[in-house]
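# Observations on the three-dimensional arrangement
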Amino acid sequence: MSAHGAAAEARIGDDGKGLVMALWRAAARDLLDAVGWPDSKIALRAFEGGATLQISAPTDALYAATELLETSWAACLARMAGRTFDIEAAARAVTPRIAAERSPKEVALAQAAGVRGVTYLGHDDKISLGMGRGGKVFDITDLPAPDDVDWDALHDIPVAMVTGTNGKSTTVRLAAAIGAAAGKCVGLSSSDWVRVGGDILDEGDYSGPAGARLALRDPRVELAVIETARGGLMRRGLPVPRADVCLLTNIAADHLGSYGIMDVAALADAKFQLSQAVRPGGRLVLNADDHELVARSAGFDGAITWFAPTFEQPLLDVWIASGGRAAFVSGGQMMLARDGGVAAVLAVDDFVPALGGAAQFNVYNALGAICLADALDLPLAAMREGLRGFTDTPEENPGRGNYIELGGLTLLIDFAHNPHGLLALAPAIKSIPAERRLVIAGQAGDRSDADTCDMIRALWTFEPDMVVVAELPTLLRGRPLGQLSEVMSAELRRLGAGEDNILETETEYKAVLKSLEWARKGDFLALLLHDSRVQTMALLERLRLSGWQAGQPLPL
């Protein structure tokens, strides 16, 4: 496929599915030929219950391409129903849209940038050539001719991209901390914000191409670390066409059923697309304990750095002797192997988010960040300083392993919401002494009943004394209100929870209030929050300032 294009997803039953897809492909081909795009390529991908059709298209006609896809499906449905469909008339209807969208100057600039090896970013009201300190941004309504651009002043900056199921945000922030310790102004985009140096440019979920563009267009940025979520990859493609290093944290069941991703293998394929962005001479960083990633590594012909707490020692010795790179733990130290040697980076005990090794998932995150830093040529001293200074506070790593002491309680604020993440979190939670343990359970409506029950079973490994089941009205995604609460509560009862061990609330924030009202000194509360973290943190700060103690009424 071309680097640019559009895709559409259709629900198709199993009966006659092959014929339906063939009719859809034929209709798309007819339309592409009719609008004068005979070289446009078509790709179809079937999944349980449907299929996705993709077409390549000019970079300055992508919105028109989406209209063509919708029209191709309408033509397919018409043919299936025995009705005639005038392809030529449909093509004439979309031709003005193509003409209105065309921007020859933009295409010329993109081509000129490619020839000069400079990154071009577009597809909004601005385009940019180069990145960060080496970039320049132009308004789409006032583009220069390629010959009027001072190309000698433009260049790219080092870029790292991170994807995976769990650990993306923390790994990105760890890598940014290392970059800052190396004296770099780091541009960071993540699921919580876009940040340049110490300045937050905007808050929200910026784990897609829009966040990457915002970070990479800031003229202060010397190095960029980009979180790349699966949704952005599936809908918009690679946020940056080339990166110096790309890291995949892990692959586990989450968001299955969205964008035609019905199983873990398909999810792994989707996320492994990031490997296509590794520039020649760059590196791919992979979790050596993830079977899906290990299997797909065979299809990557570039340099790979592996990370995991432990390796088979004889194999690791051979890998190191051959010049291979890896990050691992030995003798309580996080180590980096490169160029035939091994160096200690930092003791696990000196990395606060690891909780002395109980939070093993954060050891993985730190090892991945070490590999990123190595691929970006950042010094060992910066790795050591960045990791040692990184804390689990809400300010530095919001919503990811934030432990707070308040009013005689220990609170955890975390975003863990799938079985893989919850099972990884369980040892850390159980390592903290507590009189009683409470956990908030909530789930978005696009998860199946089976996935929701898997989540509850993982959560039950926390051995909680109380589970507060929270409805998420803003995340129902087609579910009727209360349905998921019923599923979660029923699964808790099946696991052995009694009525005294379950509380149900109408919202996540009310679940927080109920949790605090239930608590007494010495308790541990795992507040696993989807959409009320900011509101909850404001409440906890008010309680801290008021001197509130567990067992007292909430001063609301």
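Below: a short report on this structure.

Analysis parameters
Residues numbered from 1 in each chain as written. Predicted model: local features only at pLDDT ≥ 70, side-chain atom pairs only at ≥ 80, totals over all residues. Heavy atoms only, no water. Helix = DSSP H or I, 4+ residues; strand = E, 2+ residues; numbered from the N terminus. Buried < 20%, exposed > 50% of the residue type's maximum accessible area, 1.4 Å probe, protein only. Contact = heavy atoms within 4.5 Å. Areas by Shrake-Rupley, 256 points an atom, 1.4 Å probe, with all protein chains shown as cover. Lys, Arg positive; Asp, Glu negative; His and termini not counted. Charge placed at Lys NZ, Arg CZ, Asp CG, Glu CD. Axes fitted to C-alpha atoms, helices over the stretch in contact; angles between N-to-C directions. Parallel < 35°, antiparallel > 145°, perpendicular 65-115°, else oblique. Left-handed = near helix turned anticlockwise from the far one by under 90°. Phe/Tyr/Trp six-rings, centres within 6.5 Å; stacked < 30°, edge-to-face > 60°. Core = buried A, V, L, I, M, F, W, Y, C linked by side-chain atoms within 4.5 Å. Pairing = 2+ DSSP bridges. Expected span 1.5 Å × (residues − 1). Arc of directions from axis to C-beta. Polar contact = N/O pair within 3.5 Å; in protein donor to acceptor, adjacent residues only side chain to side chain. Salt bridge = Lys/Arg side-chain N within 4 Å of Asp/Glu carboxyl O.

### What about the overall build of the chain?
When its secondary structure is counted, the chain shows 17 helices and 23 strands. Dimensions of the chain, computed from the C-alpha atoms along their principal axes, are close to 75 × 60 × 50 Å. When each of the 556 residues of the chain is scored for burial, the buried share is 54%. Of all intrachain contacts in the chain linking residues separated by at least 6 positions in sequence, the fraction that spans at least 24 positions is 65%. For the chain, the exposed area adds up to about 23400 Å²; of that, 52% sits on carbon and sulfur atoms. Positive and negative charge centroids in the chain, built from 52 and 71 side chains respectively, lie 1 Å apart.

### Concerning the packing of helix 1 (residues 17-34) against helix 2 (residues 62-80)
Contact geometry of helix 1 with helix 2 gives a least axis separation of 8 Å together with a crossing angle of 125°. Classified by the interaxial angle, the pair formed by helix 1 and helix 2 is oblique. Crossing angle aside, the handedness with which helix 1 passes helix 2 is right-handed. Where helix 1 abuts helix 2, its residues Val20, Leu23, Trp24, Ala26, Ala27, Ala28, Asp30, Leu31 and Leu32 lie against Leu68, Leu69, Thr71, Ser72, Trp73, Ala75, Cys76, Arg79 and Met80.

### A closer look at the packing of aromatic side chains
The geometry of two aromatic rings is summed up by the distance between their centres and the angle between their planes. Enumeration according to the criterion identifies two aromatic pairs in this entry. With a centroid separation of 4.9 Å and 65° between ring planes, the pair formed by Trp24 and Trp73 is classed as edge-to-face. Here Trp73 lies in helix 2 and Trp24 lies in helix 1, a separation of 49 residues in the sequence. On the basis of relative accessible area, Trp24 is assigned to the buried category, the value being 1%. For the pair Phe311 and Phe328, a centre-to-centre distance of 6.4 Å together with 90° between the ring planes defines the contact as edge-to-face. Within this pair, whereas Phe311 is found in the loop between strand 14 (303-307) and helix 10 (313-321), its partner Phe328 is found in strand 15 (residues 325-330), the two being separated by 17 residues in sequence.

### Description of the nonpolar core
Note on soluble globular proteins: their nonpolar side chains tend to be buried together. Counting 40 residues, the largest nonpolar core has Ile178, Met334, Phe351, Ile370 and Leu387 as its most contacted members. Broken down by element, the residue count for this core peaks at nine residues, all from helix 11 (residues 360-375).

### Digging into the sheet that holds strand 4 (residues 120-121)
Hydrogen bonds between backbone atoms are what pair the strands of a sheet, whose relative direction is either parallel or antiparallel. Read from one edge to the other, the open sheet built from three strands follows the order 4-5-6, with strand pairing classed as antiparallel. The two strands at the open ends of the sheet, each matched to only one other strand, are strand 4 and strand 6 (136-139). Sheet analysis places strand 5 (residues 126-129) next to strand 6, joined by four bridges and oriented antiparallel. Each residue of the ladder has a partner; that of Ile127, found in strand 6, is Phe138. Running at roughly 20° to strand 5, helix 4 (residues 104-116) makes contact with strand 4 and strand 5 of the sheet.

### Topic: the sheet that holds strand 2 (residues 42-47)
Taken together, three strands build an open sheet; the order of strands is 1-3-2 and the sheet is antiparallel. The sheet is open, and its two edges are formed by strand 1 (5-11) and strand 2, each paired on a single side. Taken over all neighbouring pairs, the strand axes of this sheet differ in orientation by 15° on average, direction set aside. Bridge count between strand 1 and strand 3 (residues 50-56): seven bridges; the pairing is antiparallel. Across the sheet, the residue bridging to Ala8 is Leu53, located in strand 3. Together, strand 1, strand 2 and strand 3 form the strand contacts of helix 1, whose direction differs from that of strand 2 by roughly 155°. Its contacts with the sheet place helix 2 against strand 1 and strand 3, and it is angled at close to 30° to strand 1.

### Here's the deal with helix 17 (residues 533-546)
Since the α-helix packs 3.6 residues into each turn, any two residues three or four apart lie on the same face. When the terminal C-alpha atoms of helix 17 are compared, their 20 Å separation across 14 residues agrees well with the 20 Å that a helix rising 1.5 Å per residue should span. Along helix 17, the residues that are buried comprise Thr536, Met537, Leu539, Leu540 and Leu543. In an axial view of helix 17, the angular spread of the buried residues amounts to 160°, which keeps them on one side of the axis. The outward face of helix 17, more than 90 degrees from its buried face, is lined by the exposed residues Val534 and Leu545. Summarising the contacts, the buried residues of helix 17 are in contact with strand 18 (402-406), strand 19 (409-414), helix 16 (508-518) and strand 23 (524-528). Just downstream of helix 17 lies Gly547, where phi reads positive at about 80°.

### Observations concerning helix 4
The end-to-end C-alpha distance of helix 4 is 18 Å, a good match for the 18 Å that 13 residues give at a rise of 1.5 Å each. For helix 4, the complete set of buried residues consists of Glu106, Val107, Leu109, Ala110, Ala112 and Ala113.

### Quick word on the side chain of Thr171
Looking at the secondary structure, you find Thr171 in helix 5 (residues 168-181). Of the residues examined, Thr171 reaches a relative accessible area of 1% and is grouped as buried. A distance of 3.4 Å separates a polar atom in the side chain of Thr171 from a polar atom in the side chain of Asn365.

### Re the pattern of salt bridges
As enumerated under the stated definition, the model contains 25 salt bridges in all. The closest approach of N and O atoms between Asp244 and Arg279, which form a salt bridge, is 2.7 Å. Of this pair, Asp244 sits in strand 12 (residues 243-248) while Arg279 sits in strand 13 (residues 278-287); the two residues are 35 residues apart in sequence, bridging distant segments of the chain. Here Asp339 and Arg325 are joined by a salt bridge, their closest N and O atoms 3.8 Å apart. Placement of the pair is Asp339 in the loop between strand 16 (333-338) and strand 17 (341-347) and Arg325 in strand 15, with a sequence separation of 14 residues. Judged by relative accessible area, Asp339 falls into the exposed class, the value being 62%.

### With respect to the packing of helix 14 (residues 449-460) against helix 15 (residues 483-495)
At their nearest, the axes of helix 14 and helix 15 sit 9 Å apart, and the two run at 45° to each other. Put simply, helix 14 runs oblique to helix 15. Along this stretch, helix 14 crosses helix 15, giving a crossing that reads as right-handed. Contacts between helix 14 and helix 15 involve Asp449, Thr452, Cys453, Met455, Ile456, Arg457 and Trp460 from the former and Leu484, Val487, Met488, Glu491, Leu492, Arg494 and Leu495 from the latter.

### Focus: unusual backbone geometry
Among all residues except glycine, the phi angle is most often negative; among peptide bonds, the trans geometry is most common. Positive phi, close to 60°, is recorded for Asp377, a residue that is not glycine. Note that Asp377 resides in the loop between helix 11 and helix 12 (380-388). In this structure, Glu463 is a non-glycine residue whose phi angle is positive, near 60°. Structurally, the position occupied by Glu463 is in the loop between helix 14 and strand 21 (466-470).

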